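As a plain string of letters, each chain reads:
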Amino acid sequence: MKTVLITGGAGYVGSSAAKAFSENGYRVIVLDNLIYGHKEFVQWGNFIEGDIGDTSLLESLFSNYKIDMVSHFAAFAYVGESVKNPRKYYDNNLVKALTLLNQALENDVKVFQFSSTCATYGNPTHIPITESHRQKPFTPYGKSKFFFEEILRDAAFSYNIRFSILRYFNAAGADPGGKIGEDHTPETHLIPLVLDAASERRPHIEIFGTDYDTPDGTCIRDYIHVTDLAAAHVLAAEKTYDAESTIFNLGNGNGFSVREVIESARTVTGRNIHVIEGNRREGDPAKLIGSSAKIMTELGWKPKYASLDKIIETAWAWHQKRFQDH
Ligand code: UFG
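Caption draft 1: Region of interest: helix α7 (residues 226–242). The end-to-end C-alpha separation of α7 is 25 Å, in line with the 24 Å expected for 17 residues at 1.5 Å each. Taken as a whole, α7 has its buried residues at V226, D228, L229, A230, A232, H233, V234, A236, A237 and T240.

Following this line, the structure appears as structure tokens:
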């Protein structure tokens, strides 16, 4: 049985990955400092509360457990905040991540898996975005992820470790089992905010910009279900462990506009959703759609929750359960 250390395993995507690795026969160790994570999301594997930048904690963790793989999710991920406070992002997503990588190298870890992002591509020159699209991030968040990808490439060239880089598009939906899902504070993501408006936790949803060069004037994104993301992590980790370093995009290959997301939420919830049309949010590209052809062809991965309604159905079930008393 292989042991995987999942950093950020109490978070939205990390907790789903912990479940997927555990269900696929891995021993799971979760490391999370609970700044953004939720302790109750750690339901698969052992939990260690702590920081990826804490060298002495990492030393004891790696000596107590024989870690075969690290799957690294722990990161700050508010794009707007990263512009206002870049050093927070470089410190956590880069410097502390390097501390973690050093410990992995010292302790003979075979695979270092990394949650990267479509934000490393910057403004796309072509759609759908393939893995070979040039990388030109323009926010500190995107750059912190890109720089760490570069470090991983160098590490794999020079040391006995392989990388598995996964570049996500818009993670969405909730675990169909209903035990884990999206709960960020503050919440900035479209789907949970739309569901807040549906459940009257918030008075309305504001559309950030209706004058984009898209069919309905609102931004188009590629929403990928978190369970599909998690399954891809296991496949990619296995391929990397057995064969070679890998880089894969993870998206649905379908784009949906902000208005389409709101319309789907109206259908799924049966609720009225009050919409306000606002100004553009700085830094939002009009259209981001990923090509996941590479992971489909090479690893046989296929999204189970490709339809937007299905994604929102799982998010709504979770949302009602999680927030019914709030
Ligand atoms: N949006 C609104 N109103 C809101 C919130 C969002 O109209 O209240 C719009 C945004 O402008 C955007 C779309 O909904 O067009 C999706 O926005 P999200 O904030 O949900 O997601 P992003 O596409 O901005 O961000 C995602 C990931 C980031 C990643 C980024 C890459 O969450 O981690 O994609 O661009 F960096």
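The rest of the description comes next.
Caption draft 2: Structural detail: the packing of aromatic side chains. A complete count under the given rule lists 10 aromatic pairs for this structure. Relative to F148, the ring of F112 lies with its centre 5.8 Å away and its plane at 55°, an arrangement referred to as tilted. A residue pair is termed long-range when its members are at least 10 positions apart, and F112 in strand β5 (residues 111–117) and F148 in helix α5 (residues 140–158) qualify at 36 residues. With a relative accessible area of 0%, F148 lands in the buried category. Plain terms: the ring middles of F114 and F148 are 4.9 Å apart, the flat faces sit at 65° to each other, and that makes the pair edge-to-face.

Caption draft 3: How the structure looks around the site of the ligand. Of all residues adjacent to the ligand, which total 21 residues, the nearest are L190, E206, F208, R281 and D284. One nitrogen or oxygen atom from the side chain of R221 is found 2.8 Å from an oxygen atom belonging to the ligand. Within the side chain of R281, an N or O atom sits 2.6 Å from an oxygen atom of the ligand. For the ligand, whose unbound accessible area comes to 690 Å², protein coverage reaches 90%. Where the shell around the ligand is concerned, the elements lending two or more residues are α6 (190–198) and β8 (205–208). Element by element, the count of residues in the shell around the ligand is highest for β8, at 4 residues.

Caption draft 4: Representation of the pattern of salt bridges in the model. Taken as a whole, this structure holds 16 salt bridges when the rule is applied. Ionic pairing is found between D51 and K96, a salt bridge with its closest N-O pair at 3.3 Å. Note that D51 is positioned in the loop between β3 (46–49) and α2 (55–64) and K96 in helix α4 (residues 86–106), a separation of 45 residues in sequence. Since its relative accessible area comes to 22%, K96 is described here as partly exposed. Sharing partners across several salt bridges, the network here consists of E149, E150, R153 and R167.

Caption draft 5: Representation of the pairing of β8. Burial along β8 is one-sided: the face carrying I205 and I207 is buried and the face carrying E206 and F208 is not. Bridge analysis of β8 against strand β13 (residues 275–278) gives 4 bridges, and the strand direction is parallel. The residue bridging E206 from the neighbouring strand is I276, located in β13.

Cut-offs used in this document
- Residues numbered from 1 in each chain as written.
- Predicted model: local features only at pLDDT ≥ 70, side-chain atom pairs only at ≥ 80, totals over all residues.
- Heavy atoms only, no water.
- Helix = DSSP H or I, 4+ residues; strand = E, 2+ residues; numbered from the N terminus.
- Expected span 1.5 Å × (residues − 1).
- Buried < 20%, exposed > 50% of the residue type's maximum accessible area, 1.4 Å probe, protein only.
- Phe/Tyr/Trp six-rings, centres within 6.5 Å; stacked < 30°, edge-to-face > 60°.
- Near = heavy atom within 4 Å.
- Polar contact = N/O pair within 3.5 Å; in protein donor to acceptor, adjacent residues only side chain to side chain.
- Areas by Shrake-Rupley, 256 points an atom, 1.4 Å probe, with all protein chains shown as cover.
- Salt bridge = Lys/Arg side-chain N within 4 Å of Asp/Glu carboxyl O.
- Pairing = 2+ DSSP bridges.

Interpretation in functional terms is not warranted from these geometric data alone.
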